[in-house]
Amino acid sequence: MTDRSIRFTKTAIEKLALEALRYEVFDSATPGFGIRVSRTGEKTFFLRYRPKSGAQHRRVTLGRFGEVTLDQARSHALKLKGRIVEGADPNSDREKRKAASTMKDLTERFLRDHVEVHCKASTARNYRSQIRDYVLPRLGRLLASEVDPGHVSKLIATFKDRPYQGNRLRALLSKMFRMAEVWGIRPLGSNPCMGVPKYKESKRHRHLGVDELASIGEALDQAEERGDATSEGVLALRLLLLTGCRRGEILNLRWEHVDLEAGALNLPDSKTGAKRVVLAPPAVALLAEAAGQKLSPWVCPGRDLKLPLV
């Protein structure tokens, strides 16, 4: 029996009529790419192929018309055809497990098997928030194997007014898809972030003047006197101003890292690795005063003295 074929368009598919028995129609432009029309009118995209092993023709479902677009289904079919040429069989158990991995599955494995094992706590918190706020709402329901540069580009384009955040999100996605290749969820060399351009970032240098520093100092004094800020919070802000350290370096600073005699901080795990920060006299005096009242191993403890200030 000759296969029925038409040129697939959205309108042409919508016009496919119900018949007494289920039937199939193939796209005249993409060999093997077809749609199955059930007796109830449900239309499902599929790909018919012959595996490289020489077995009989097989079919793999691509999604229901209406839930996936024609372009999405055709794109998925073409990718599968490319993998079949390389020897893959979408209907094998291994291939089914790969295809079943959604982006939600991938993010969970990425956080569990990579981030928790290899990344710092601060990096892990940042990754989790980006995944929760940006990745899952836009890509969470897609299969990890079907995400393409168009999906990534569209997501990153929403950050055109926040280039720094956009570049950090692109870097996270790229790392996640590299791990997907390592885990066999995507073919090697298929990272969809490749070719998606980064935003240009212009470095900004802004130094506070003497009057501005004095105003900040006065505001901190007043906030502490009124009870609007804790003494630990004020201490952290003053140390940030006086040392030039990063926020995490001060919030995670322990007394064992403070050398008042030498006037230095010995940071064991900064963003750039272990480093020594030489302190100016005002910073030494500030830390010496705080050291006389210390009740915690942390220089700036939180409400629970066993934990650092957040």
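To start, this report covers the structure provided alongside it. (Residues numbered from 1 in each chain as written. Predicted model: local features only at pLDDT ≥ 70, side-chain atom pairs only at ≥ 80, totals over all residues. Heavy atoms only, no water.)

What follows is about the sheet that holds strand β1 (residues 5–6). Pairing in this open sheet of five strands is mixed, and the strands run β1-β2-β3-β4-β5 from one edge to the other. At either end of the open sheet lies a strand with only one pairing partner, and these are β1 and β5 (58–64). Bridge count for strand β3 (residues 33–37) against strand β4 (residues 43–49) is five bridges, and the pairing is antiparallel. What sits directly across from R36, in β4, is T44. Relative to the sheet, helix α2 (residues 70–85) contacts β2 (23–27), β3, β4 and β5, its axis offset from that of β4 by approximately 15 degrees. (Pairing = 2+ DSSP bridges. Helix = DSSP H or I, 4+ residues; strand = E, 2+ residues; numbered from the N terminus. Contact = heavy atoms within 4.5 Å. Axes fitted to C-alpha atoms, helices over the stretch in contact; angles between N-to-C directions.)

The subject of this paragraph is helix α11 (residues 281–291). Buried within α11 we find A283, L286, L287 and A290. Seen along its axis, α11 keeps its buried residues to an arc of 95 degrees; they face one direction. Summarising the geometry of α11, the exposed residues directed more than 90 degrees from the buried face are P281 and E289. (Buried < 20%, exposed > 50% of the residue type's maximum accessible area, 1.4 Å probe, protein only. Arc of directions from axis to C-beta.)

Moving on: the pairing of β3. The element β3 is largely enclosed, with a buried count of five among its five residues. The alternating pattern of β3 places F33, I35 and V37 and G34 and R36 on opposite faces, both of which are buried. Looking at chain direction, β2 and β3 are connected through four bridges and run antiparallel. Across the sheet, the residue bridging to Y23 is V37, located in β3. Between β2 and β3, which pair antiparallel one after the other, the connecting turn spans five residues, and G32 there sits at a positive phi close to 90 degrees.

A word on a nonpolar patch on the surface. A grouping of L208, L213, L241 and L242 is seen on the molecular surface, where their side chains present a nonpolar patch of about 310 Å² in accessible area. Within the secondary structure, L242 is located in helix α9 (residues 231–243). According to the relative accessible area criterion, L242 is partly exposed, its value standing at 39%. (Patch = residues over 30% accessible without salt bridge, like charges linked within 9 Å, V, L, I, M, F, W, Y side chains within 5 Å. Areas by Shrake-Rupley, 256 points an atom, 1.4 Å probe, with all protein chains shown as cover. Salt bridge = Lys/Arg side-chain N within 4 Å of Asp/Glu carboxyl O.)

In this section: the packing of aromatic side chains. Counted under the stated rule, the structure contains six aromatic pairs. Judged by centre distance (6.0 Å) and plane angle (40 degrees), the rings of F110 and Y127 are tilted. Linking F110 in helix α4 (residues 103–118) with Y127 in helix α5 (residues 121–139), this pair joins segments that are 17 residues apart in sequence. For Y127, a relative accessible area of 10% translates into the label buried. Taken together, the aromatic side chains of F8, F33, F45 and F65 make up a single cluster linked through ring pairs. Here the guanidinium or amino end of R36 rests over the ring plane of F46, the centre of that ring lying 4.8 Å away. Against the face of Y164 rests R168, its NZ or CZ located 4.3 Å from the ring centre. (Phe/Tyr/Trp six-rings, centres within 6.5 Å; stacked < 30°, edge-to-face > 60°. Lys NZ or Arg CZ within 6 Å of the ring centre and 35° of its normal.)

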